[in-house]
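A structural walkthrough
These are the residues of each chain, in order.
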Amino acid sequence: MENTKDLTEHSSQSKRKRRDSFGMFDGYDSCSEDTSSSSSSEESEEEVAPLPSSLPIIKNNGQVYTYPDGKSGMATCEMCGMVGVRDAFYSKTKRFCSVSCSRSYSSNSKKASILARLQVTGKPPTKKAKVLQKQPLVAKLAAYAQYQATLQNQAKTKAVSMEGFSWGNYINSNSFIAAPVTCFKHAPMGTCWGDISENVRVEVPNTDCSLPTKVFWIAGIIKLAGYNALLRYEGFENDSGLDFWCNICGSDIHPVGWCAASGKPLVPPRTIQHKYTNWKAFLVKRLTGAKTLPPDFSQKVSESMQYPFKPCMRVEVVDKRHLCRTRVAVVESVIGGRLRLVYEESEDRTDDFWCHMHSPLIHHIGWSRSIGHRFKRSDITKKQDGHFDTPPHLFAKVKEVDQSGEWFKEGMKLEAIDPLNLSTICVATIRKVLADGFLMIGIDGSEAADGSDWFCYHATSPSIFPVGFCEINMIELTPPRGYTKLPFKWFDYLRETGSIAAPVKLFNKDVPNHGFRVGMKLEAVDLMEPRLICVATVTRIIHRLLRIHFDGWEEEYDQWVDCESPDLYPVGWCQLTGYQLQPPASQSSRESQSASSKQKKKAKSQQYKGHKKMTTLQLKEELLDGEDYTFLQGASDQESNGSANFYIKQEP
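Along each chain, residue indices are assigned from 1 in the same order as the chain's sequence is written. In keeping with the predicted nature of the model, local features appear solely for residues at pLDDT of at least 70, side-chain atom pairs appear and are counted solely at 80 or more, and the whole-chain, interface and lining totals rest on all residues. Side-chain measures were taken over the full set of non-hydrogen atoms in the model, leaving aside hydrogen atoms and water.

Here we come to the sheet that holds strand β7 (residues 216-225). Strand order in this open sheet of five strands is β9-β8-β7-β6-β10, and the pairing throughout is antiparallel. Two strands close off the open sheet at either side, each with one partner strand: β9 (244-247) and β10 (254-255). Sheet topology note: the β7/strand β8 (residues 228-233) ladder contains six bridges and is antiparallel. From the neighbouring strand, Lys-223 faces β8, where its bridge partner is Leu-230. Each of β6 (201-205) and β7 is contacted by helix α8 (residues 279-287), which is oriented at about 30° to β7, the strand it contacts most. The criterion for strand pairing is that DSSP finds at least two bridges linking the strands in question. The helix and strand labels rest on DSSP assignments: H or I over at least four residues marks a helix, E over at least two residues marks a strand, and numbering proceeds from the N terminus. We call two residues in contact when some of their heavy atoms are within 4.5 Å. Each axis is a line fitted through C-alpha atoms, and for a helix only the stretch in contact is used; angles between axes span 0 to 180 degrees, taken between their N-to-C directions.

Right, dumping it as structure tokens:
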């Protein structure tokens, strides 16, 4: 009765409060019938029924995984040959143990399959591969035969080559709009793009000329797409015959007046040379009052492409095979602010991980110890020659938070982007509260018994949300695996598990004026394989949350990404930095796939998700004794990063 009274009081209060920009109401935190309870589903013995005796329990190398759906039947992954519970397998057809294998199935990369390395290259098995050898020989041979068939099918279908893809043609032929450079504060020129827009004049090389030396002419911007601009030579007026695309930040693009200052000749294009006898008078008339690039534009471009991270710097980065911990890695190379990190223990330097220098996944040496995060001790007893610790001030800053008052507690429920399936927002639980505002989050119904798939989010992270966020914003919420009371209702679930929702006022609801619009094109990292950057589209915008679709691929590979994510880039970023861009999947390639092979997806290897999603039966590398440490909480530097709160509607 008391709880009912509380809900009534909350309801009356919420009616008096103004609905904010999120469509959420203030004044409701717990979303639970018992607001005084802080126990998780594991701690409440009275509310949670005991697990049925028929529940399958899978043991691998001493690690126990349980599957609450309890459905019987076994399946063999057609990619890697792994045997597991059928219901835990990916897709409706249950042909693959994970999204990783589904994608890798159509890949021509030997790295995508440990089995391929064992069978094709004859390389000795690694730790990661040793478990596959325990599988029945028939399963391995079947998987290998399927792999070879896939390679033959790929040989028959032509995919789009990088040489055949042009952002300019892609934009023009489909009338696409690209996200402006100002949307990407972390990208070169993101904060100093200025008034570069259509009708701005520049001096560019004249390609319509028979002279043996390099000469220039003036052109105007007809259309802007990220860093790329569609230019038209002055004098062509409405004739688009010689229009061309180029990268505005390229070395051959200059402000008007550069040729005069540099002693370079301005020569009109041969096609229109006959149109005017006095080209000087023509240019004076055309350029009077026109805009051009700032005189120091090229200098600003150069400065914005200087990065403080250097090769041989040591960092702590998430362990891509055990998300709950970090490892020491060394910067191998830096491209456009993106780091190729090689885990320190990788002898052949192939065990790598890609991320941006501002990524929340990397930290200074000693970060794990300072906040109480799990850390994998390196077998290397001392630094290698030339390696040195990265200065702490180079890393992304997070907001300082006060954990002494009302704060997140273990067992509280929330909604979170699944780091192993970025297209979904899931029911989640706070599993551990660390120092400095960091939280260990587990996805309900899909957790490994040892917590090896818990993920570290900061309290201000835009990837965690209060209970009810998805419902209010009409986003499909992924319920716990095996939860049968559908449609999922938070109130029922909280009551059944004896849990409470994390207070909504603790979440970050700051929404910057990011400038993104639905339909805008950009270049985006495939976070399931973070070395790849792909042609992508913004398909949904929920406040500061963007849904990114990879052109040519199914929606199930979409990703929820924050508007300020350092994994999003303007059109032309790859060309500017020299990074390889992955083009859209070709229509002919997709149409040539048979109905039985619809599960064959992107030709991409797996890194960040290479350990297989924990919701599947995973035969993973053993956590070796003595490698994994949980440090006591301590103090570390605090910096600023935006703040505010979410609010939530009250259940009637």
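Below, the discussion takes up helix α6 (residues 167-174). Counting along an α-helix, one turn takes 3.6 residues, and residues three or four places apart therefore face a common direction. Those residues of α6 lying buried are Trp-167, Gly-168, Tyr-170 and Ile-171. Down the axis of α6, the sector holding all buried residues measures 170°, keeping them to one side. Residues Asn-169 and Ser-173 are exposed on α6 and point more than 90 degrees away from its buried face. Two residues or fewer past α6, Ser-175 is found with a positive phi of approximately 55°. Three labels apply to residues, based on accessible area from a 1.4 Å probe with only protein chains included: buried if under 20% of the type maximum, exposed if over 50%, partly exposed otherwise in between. Here, the arc refers to the directions that run from the helix axis to the C-beta atoms.

On to the environment of Lys-376. Relative to the helices and strands, Lys-376 is located in strand β16 (residues 374-376). Overall, Lys-376 belongs to the buried group, its relative accessible area being 5%. Considered as a pair, Lys-376 and Asp-319 are 57 residues apart in the sequence and their alpha carbons are 8.3 Å apart. Polar contact criterion, stated in full: a pair of N or O atoms within 3.5 Å, where within protein one must be able to donate a hydrogen and the other to accept it, and residues adjacent in sequence count only if both atoms are side-chain atoms. Among the polar contacts listed, one links the side chain of Lys-376 to the side chain of Glu-345, at a separation of 2.8 Å.

Let us now look at the pattern of salt bridges. One side-chain nitrogen of Lys or Arg within 4 Å of one carboxyl oxygen of Asp or Glu is enough to make a salt bridge. With the rule as written, the count across this model stands at 28 salt bridges. Glu-237 is the salt-bridge partner of Lys-275, the closest N and O atoms lying 4.0 Å from each other. Of the two residues, Lys-275 sits in the loop between α7 (258-262) and α8 while Glu-237 sits in the loop between β8 and β9, which places them 38 residues apart along the sequence. A single network of salt bridges, built from pairs that share partners, joins Asp-319, Lys-320, Arg-321, Arg-325, Arg-327, Glu-345, Asp-351 and Lys-376.

We now examine the pairing of strand β13 (residues 338-343). Along any regular strand the residues' side chains alternate between the sheet's two faces. With respect to burial, β13 is a largely interior element, six of its six residues being buried. As paired strands, strand β12 (residues 322-335) and β13 are joined by six bridges and run antiparallel to one another. Residue pairing in the sheet places Val-331 in a bridge with Leu-341 of β13. Where β13 and strand β14 (residues 352-356) come together, five bridges link them in antiparallel fashion.

Position of Leu-494 relative to the elements: it lies in helix α12 (residues 490-497). Separated by 82 residues in the primary sequence, Leu-494 and Met-412 have C-alpha atoms spaced 9.6 Å apart.

For strand β24 (residues 520-525), the tally of buried residues reaches six of six residues, placing the bulk of the element in the interior. Here β24 shows two buried faces, one formed by Met-520, Leu-522 and Ala-524 and the other by Lys-521, Glu-523 and Val-525. Sheet analysis places strand β5 (residues 177-178) next to β24, joined by two bridges and oriented parallel. Among the inter-strand pairings, Ile-177 is bridged to a residue of β24, identified as Met-520. As paired elements, β24 and strand β25 (residues 533-542) share five bridges and run antiparallel to each other. Of the residues in β25, the one forming a bridge with Glu-523 is Val-535. Taken together, the two bridges between β24 and strand β28 (residues 568-569) define a ladder with antiparallel strand orientation. Residue pairing across strands places Ala-524 opposite Leu-568, the latter belonging to β28.

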